[in-house]
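A look at the structure
The chain contents come next:
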Amino acid sequence: MHRPGRLLAVFCLAVLGLAPTALALPPEPPPPPAVPVSAQPLPLLTPPKTIAATVVRTPTETLRLSLNKTATVQLPEAVRDVVVGNPEVVDALVRAPNQVLLAARGVGQSDITFFDRAGGVMRRIAVDVHVDADGLKAVLADVLPDEPKIRVSGVGDSVYLAGTVKNDVAVAQARALARRFVKDEANVVNLLRVSSEQQVLLQVKVAEMQKTVLKELGVGLTGSILRVGDGSVNLATNATVGLTQGASQLFGTATVSGLGSLAGSLSALERQGLVRTLVEPNLTAVSGETANLLAGGEFPIPAAEELGRISIVFKQFGVLLNFTPIVLDPGRISLKLNTEVSAIDRTLTVRLSNTEIPGLTVRRASSTVEMASGGSIMIAGLLQNDITSDLSGLPGLMDIPVLGALFKSSSFQRHESELVVIVSAYVVQPVEKPGLALPTDGFAPSSDLDRILLNRLQDNYVIRSPANPAPAELRGPVGYIVR
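Heads up: these notes are all about the structure in this document. (Residues numbered from 1 in each chain as written. Predicted model: local features only at pLDDT ≥ 70, side-chain atom pairs only at ≥ 80, totals over all residues. Heavy atoms only, no water.)

Now for the sheet that holds strand E10 (residues 188-194). Taking strand neighbours across the sheet as the criterion, the three strands line up as E8-E9-E10 in an open arrangement whose pairing is mixed. Sheet topology places strand E8 (150-155) and E10 at the edges, where each strand pairs with a single neighbour. Strand-to-strand, the axes of this sheet are offset by a mean angle of 10 degrees, without reference to chain direction. Pairing geometry for strand E9 (residues 158-165) and E10, over seven bridges, is parallel. Residue Val159 lies in a different strand from E10, and its bridge partner there is Val188. Of the strands in this sheet, E8, E9 and E10 touch helix H3 (residues 168-179), which is tilted by about 160 degrees from E10. (Pairing = 2+ DSSP bridges. Helix = DSSP H or I, 4+ residues; strand = E, 2+ residues; numbered from the N terminus. Axes fitted to C-alpha atoms, helices over the stretch in contact; angles between N-to-C directions. Contact = heavy atoms within 4.5 Å.)

See the structure below:
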């Protein structure tokens, strides 16, 4: 009756792994008999052999490519991968298994590596993309056919011009054309050299003549002309008009008396003036360069600054010349010049507080001209004729015929001026020093005896040219043909 319950308990314990040892599984079969093994020594282990690995390096090729241009690369076999170092500089397009098209997209440098199907490197190319130097070469050949020695190179975003040209005009034209191919003026590197250095001597002549004529005549009356009882009528007139300062003091007056209480004075003046100005500055400069000359001085002028401070500014005066020559063709010169001749004029003085600032009389000319070497041209000229006439006197009385001259004064002034500026230019070359003459050549100061007794400040001297050397003595038959 209790057997089914016991079997159920045994099953539950077997499931939980807690079956009693009495219910163990059947015994395992006995192990097979041991096989006797004979002991043998182990073989000696040899160290592994070192195998030298050879790394094959693919040489790098160089390819210069103009901006926005393309180039085709042929490969020995089919390509699997193309690696571009800088895609913003160059782009690669596979047109065929063994043909790749390279397109320059930006200025710079980049590497391109081509791999075959086995993963090996077939070719490696270093691409240098620069501005379009070939296009500039073609433009220079068309515009400047007479300058075949100009070389053009593109490096990055810059253009290098090298070689030799005939004159400075070709340099300026080549530089202007190259500027169109770059972004900025600084990207044009000018290494052009003029085949023959050309220097220009400029001679400027500033000639001026001034003539002044002044005439003044006046009669002055002083005294009583009418007396009525205790009253009287007095008259006083001036004998000068006032064109000149202190004319009566300088030249005196003639006084007429004996006319009762009336005295008359006569003032007469006639003055003539002549001024001659001649300035000849000379200056030499290399073609294309600017030269400056100042023969004069500088005088101080006060200038106001912030917070009531005063600084000193110096103003130049004298002979000023600056010019820039350009040799266009052999014997043809282009000049850009500025010339000025100024002098201090005390009559134009301006008083500021307790400071007197002198004025300047200036003759200034600025122009751009072209001429042949050795030629001259007048770049400026002035003809001025000013006439000033004044008449002053007593109203009514000065209009009386004949006697009206006693009640008036007249003056006449005329100022004539003529100014001419002439420019001459020469293409010159340096010479040896003995070939140039100096103003001090042969000068010798006088002795004390000559200076005191003969009023000589220098000795009389004569520049003697060196004597010609005697010709060599001829030897042998002279005047015959010897055979």
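Having seen it, we continue.
As for its position among the elements, Phe412 is in strand E21 (residues 408-428). A sequence separation of 196 residues divides Phe412 from Glu216, and the C-alpha atoms of the two residues are 6.3 Å apart.

Once that is clear, we can look at the nonpolar core. Of all hydrophobic cores here, the largest spans 24 residues; its most connected members are Leu202, Val204, Val206, Phe323, Leu335, Ile379 and Val423. Where this core is concerned, the elements lending two or more residues are strand E11 (199-228), strand E15 (282-286), strand E17 (310-329), strand E18 (332-352), strand E19 (355-372) and E21. When sequence neighbours within four positions are dropped, the list of residues in contact with Val423 reads Leu202, Gln203, Val204, Leu335, Leu337, Met371, Gly375, Ser376, Ile377 and Ile379. Ranked by size, the runner-up nonpolar core spans 19 residues in total, among them Leu136, Leu140, Val152 and Val159. (Core = buried A, V, L, I, M, F, W, Y, C linked by side-chain atoms within 4.5 Å. Buried < 20%, exposed > 50% of the residue type's maximum accessible area, 1.4 Å probe, protein only.)

The tally for this structure, following the rule as stated, stands at 11 salt bridges. Between Glu61 and Arg123 there is a salt bridge whose closest N-O contact spans 2.5 Å. Note that Glu61 is positioned in strand E1 (residues 60-66) and Arg123 in strand E7 (residues 121-130), a separation of 62 residues in sequence. Close ionic contact of Asp81 with Arg80 constitutes a salt bridge, the shortest N to O distance being 3.2 Å. Residue Asp81 is classed as partly exposed on the basis of its relative accessible area of 34%. What you see here is one network of salt bridges that share partners, running through Arg175, Arg179 and Glu185. (Salt bridge = Lys/Arg side-chain N within 4 Å of Asp/Glu carboxyl O.)

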